[in-house]
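Fold and geometry: a report
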Amino acid sequence: MLRSLRLATRRFSKVSWKAEEISTAVPEDLKKGNLEQEVECKQKVLRYLDGLHPIDNEAIRMADNKHYDEDDRLYIFPDINESRLQTIEAKEMSGRVQFFDDVEGFEVVPTLNSALDPIIKYPGLYRLEDMKSAIGKDFYEFYKRIPQPHEIDMKKISNWKPPSLDNRLVNLGKQYGVKFVMSTSSISSVLSQMLYLISNFKEANYSMLYSFTDSSEMRYMSSQKKGSTCFLRRASESPEIWALDSDSGPFEADHQILMDMGHIIEKMCTMEPAEFEGCFLKSKQDLGKFKIPNEDYHRLMKIEDDMLIRSQLDCQGKDLEGNNIVFEIKSRALAFMRYRVTEYYKFLDYPISKMFGVDNSYEREYYDMIRGAFAKYFKQMHIGRMHGGLVFYHSTFETIGFEYVKLPDIKEVICESSYKADAIFYASSKLTTMILNNIIKSTHLKAKEYLKVGFSTHQSGKMTIMTEIISDTSYEEYVATKIPVTENMASIKDFYMPRKDKIKARKYEFVVYPKINGVPNAYFFHEMTPKDSVEINYTFKDMGPVSFEEYMQFLLNCDKEDKLMPENAYGSNWFFHESSYKL
């Protein structure tokens, strides 16, 4: 619920919680009669939010408290314009989020191959070599060598549509009365930026790992923290519905092999060997005998009357109790292939030889998923009400092993608990809706114009949003453009230079001030339960048009170009080459 927050004599209005439902234990030195010390501690928390100096243990203890006497509720936010300070509350989420199935029956979702069924019933690590006798020779040979993209009819293996071109999704948006439609792929990167902003870049939980104990290693990959861009365009005039589409950039993807592997492996996990080969393998294709499964299966999440999110369902199966479950299939190339993706073929013999260890181990792969994939996985699975994800480890040429990871485990790694993850997801979605609404109001797009929107969160606790009005190229033509990288066309700036004078870019700044149970909480380190009250105070400011150079700096950071200079205002201090990690 969005509402104005009145600042009367710099004292916040009463927060909504029941004192008898939560702990009232307050340290002796912070009880009534020591108000000066209490306020000083709170100011330290708030100064930390503004990046003035690190938080100290006293401030942590202060923010960890769940209860204060009403007369002592004094909070001082420096340099905040009262008219721009608003609040969003995240509680009673069950009534604000609804789920729908976009299929008539559960049985139409692709079913996991029987050979892989035990992995879902008994989650754990399964090496393909150890499964040979259990799954039989045919399945073993089928999974041992993965067909390469040039061997596959890739045009028939995926028919993915962006939300704005998905007529069924747009019509469902009209039916459910929402303003925005989107997919997990288009919203996940934006919600990740919100996660970093709300939690002040609180790192994930690595405590389950044995070999990684250095705190400097326990951080998200730079590729995850970089900014992201997407497209915002009208999908319907009456009623007005806007679609948020992914932006893969104007260049041919340097990680195309990983994307192709994802499509191929999804089909390999849900089709019999003969059926897969008859549908997609060029040398054995027999479309007279086999019918290509060309339907996408989705679940939908509706957040109040704001947004409708589409989540594709990869696979279904049964858990140990016989319950029907749906889950993601996650293609996961090994470490060296991901670090040197443009030269992945040089590392086809990279071995996984042990369970634990800094390199050549399954622990290394799990460690990389924590810092490079779980934040995205949790949003995708949560939107689709999925049970978890089947991770398919491979070298792009052959299968190494499998692992099933449950969604609650992923949520606990990223956010410490499922409830906290759900609260952050809901708050992030509401804040994203607020930002998009403000952008639309301030832009006044004409017919056929659409926006490129970028989000980038900085360690100073501020998010920068930039928009670009695109009017000289049709949307379909723009997103279809994939330019090969050459000496003279090597960066996003090179792409923009020919129309430099036509660029119309605008900048916005967004700052949040999270509170749990009425107490500022920069890191969301409080162990939340459904009894806790979560509030996100925020300011949103339209900074006006920006220069071409400043906009290019912003986009370079989002693309994480190698040419990014240290003086780039949007190239925050986590920028580094992943090769700096010990391998």
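Here the structure is shown first, and the text comes after it.
The structure reproduced in this document is the subject of the present report. (Residues numbered from 1 in each chain as written. Predicted model: local features only at pLDDT ≥ 70, side-chain atom pairs only at ≥ 80, totals over all residues. Heavy atoms only, no water.)

Bringing the environment of Met-543 into the picture now. With respect to the secondary-structure elements, Met-543 resides in strand 18 (residues 534–545). Once the C-alpha coordinates of Met-543 and Thr-464 are considered, the two residues, 79 residues apart in sequence, prove to be 9.9 Å apart. Apart from residues lying up to four places away in sequence, Met-543 is in contact with Lys-507, Tyr-508 and Glu-509. (Helix = DSSP H or I, 4+ residues; strand = E, 2+ residues; numbered from the N terminus. Contact = heavy atoms within 4.5 Å.)

Here we come to the nonpolar core. Counting residues in hydrophobic clusters, the biggest one holds 127 residues, and the most contacted among them are Phe-374, Ile-414, Ile-435, Ile-465 and Phe-510. Top contributing element to this core by residue count: helix 14 (residues 418–443), with 13 residues. With residues near it in sequence (within four places) discarded, Ile-414 still touches Leu-195, Ala-204, Tyr-220, Ile-370, Phe-374, Ala-375 and Phe-378. (Core = buried A, V, L, I, M, F, W, Y, C linked by side-chain atoms within 4.5 Å. Buried < 20%, exposed > 50% of the residue type's maximum accessible area, 1.4 Å probe, protein only.)

This part covers helix 12 (residues 374–383). Taking burial as the measure, the ten residues of helix 12 include nine buried ones, the bulk of the element. Taken together, the buried positions of helix 12 are Phe-374, Ala-375, Tyr-377, Phe-378, Lys-379, Gln-380, Met-381, His-382 and Ile-383. Positive backbone phi, at 50 degrees, marks Arg-385, one or two positions downstream of helix 12.

The next subject is the sheet that holds strand 10 (residues 315–318). Reading across the sheet, the five strands line up as 4-13-12-11-10 and stay open at both edges, with mixed pairing between neighbours. Each end of this open sheet is capped by a strand with a single partner; those strands are strand 4 (125–127) and strand 10. If you compare each strand with its neighbour and ignore which way they point, the axes differ by 30 degrees on average. Where strand 12 (residues 388–394) lies against strand 13 (residues 399–406), seven bridges are found, and the strand directions are antiparallel. (Pairing = 2+ DSSP bridges. Axes fitted to C-alpha atoms, helices over the stretch in contact; angles between N-to-C directions.)

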